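# Observations on the three-dimensional arrangement
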Amino acid sequence: MDVKIAQTWKDKLASEFEKDFFKTIALFVKEEYKNHKVFPKGGQIFSAFDHCDFDDLKVVIIGQDPYHGDGQANGLCFSVNDGVRIPPSLVNIFKEIKDDLGKEIPTTGNLERWADQGVLLLNATLTVRAHSPGSHQNKGWEQFTDSVIKTISEDKEGIVFLLWGAYAQRKGAIIDTSKHLVLTSAHPSPFAANRGFFGNRHFSKTNAYLEEKGLKPIDW
């Protein structure tokens, strides 16, 4: 498996990469890429960790699966490649940012600019077979990403976790809320956004918390 990942993460997760479950995922994913069309591109599987150094980490957003449409996924949850139509959930995220902070809706859905500022855009499952949502669930990725969340919770302090929807909230149950700020709301998908995502003001709340800690806020 092509592990393009910041050295700080490599050091933190070295023991995970050696575990049997991870070796099993690596073999499964290798076979999938060989025999099927799989997203994101192999070199982007760990993009979330490559763009956001462990030492610079400020915010964690938890998603579920990579996008399964052609050319969409780039290894960051909710994010799509430049030039790709912005998916509905991300449109709603941008709408909330506009209402919350007054920022205009961008023309690209590529969120690398967030990741480069210390936002870990973490999907629970890091790969998916083309046009087959959920196809790589329950293969071991979730165990790996649980370990990532646990490592952040234990080894960092003052991280903001944005947990949108029931799935992310269940996954974030292991976070130590005495050390970190956990903000929850409905999911930004069109089916749920009106039930509490819109108006959650998570972006201004995140920045206020970071500024209280003497940290540079995120340019959303």
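Coordinates for the structure precede this section.
Notes on the structure follow. (Residues numbered from 1 in each chain as written. Predicted model: local features only at pLDDT ≥ 70, side-chain atom pairs only at ≥ 80, totals over all residues. Heavy atoms only, no water.)

## Quick notes on helix 6 (residues 141-155)
Under the 1.5 Å per step criterion, the end-to-end length of helix 6 is 21 Å for 15 residues, consistent within 8% with the ideal 21 Å. For helix 6, every residue scored as buried is listed here: W141, E142, F144, T145, S147, V148, I149, T151, I152 and S153. (Helix = DSSP H or I, 4+ residues; strand = E, 2+ residues; numbered from the N terminus. Expected span 1.5 Å × (residues − 1). Buried < 20%, exposed > 50% of the residue type's maximum accessible area, 1.4 Å probe, protein only.)

## A short note on the layout of surface pockets
For the largest pocket, the calculated volume is near 410 Å³. Every residue lining the largest pocket is counted, 26 residues in all, and those nearest its centre are D65, Y67, F78, S89 and H187. Counting residues per element, the ones that place at least two in the lining of the largest pocket are strand 2 (59-63), helix 4 (88-101) and helix 7 (166-171). In terms of residue count, the dominant contributor to the lining of the largest pocket is helix 7 (3 residues). The residue inventory of the lining of the largest pocket, partitioned by class, reads 15 nonpolar, 10 polar and 1 charged. (1 Å grid on protein atoms, 1.4 Å probe; cavity = no way out; pocket = protein on both sides within 12 Å on 5 of 7 lines; lining within 4 Å. Points joined across faces, edges and corners; volume = space filled by probe spheres on them. Nonpolar A, V, L, I, M, F, W, Y, C, P; charged D, E, K, R; others polar.)

## Some remarks on empty space enclosed by the protein
What the rule picks out here adds up to 1 cavity of 30 Å³ or more. Put simply, the largest cavity is a space of about 30 Å³. Along its surface, the largest cavity is lined by I45, P66, G75, N123 and L126.

## Thoughts on the packing of aromatic side chains
Applying the stated criterion to the full structure yields 21 aromatic pairs. Centroid distance F94 to W114: 6.5 Å. Interplanar angle 90°. Geometry classified as edge-to-face. Taken as a pair, F94 in helix 4 and W114 in helix 5 (residues 112-115) lie far apart in primary sequence, 20 residues in all. The exposure classification of F94 matches that of W114, with both residues buried. Seen from the ring of F54, K156 lies directly overhead, with NZ or CZ sitting 4.8 Å from the centre. (Phe/Tyr/Trp six-rings, centres within 6.5 Å; stacked < 30°, edge-to-face > 60°. Lys NZ or Arg CZ within 6 Å of the ring centre and 35° of its normal.)

## Brief notes about the sheet that holds strand 2
The parallel open sheet is built from 4 strands, whose spatial order is 3-2-5-6. Looking along the sheet, the strands with just one partner apiece sit at the ends: strand 3 (119-123) and strand 6 (181-185). Along the sheet, successive strands turn relative to each other by an average axial angle of 20°, direction set aside. (Pairing = 2+ DSSP bridges. Axes fitted to C-alpha atoms, helices over the stretch in contact; angles between N-to-C directions.)

## Digging into the packing of helix 4 against helix 8 (residues 202-212)
Interhelical geometry of helix 4 versus helix 8 gives an angle of 60° and a closest axis separation of 8 Å. Between helix 4 and helix 8, the angle is such that the two are oblique. On the side of helix 4, the interface is formed by I93, E96, I97, D100 and L101, while helix 8 contributes H202, F203 and S204. Here the residues of the contact of helix 4 with helix 8 are counted per class, giving 4 nonpolar, 2 polar and 2 charged. (Parallel < 35°, antiparallel > 145°, perpendicular 65-115°, else oblique. Contact = heavy atoms within 4.5 Å.)

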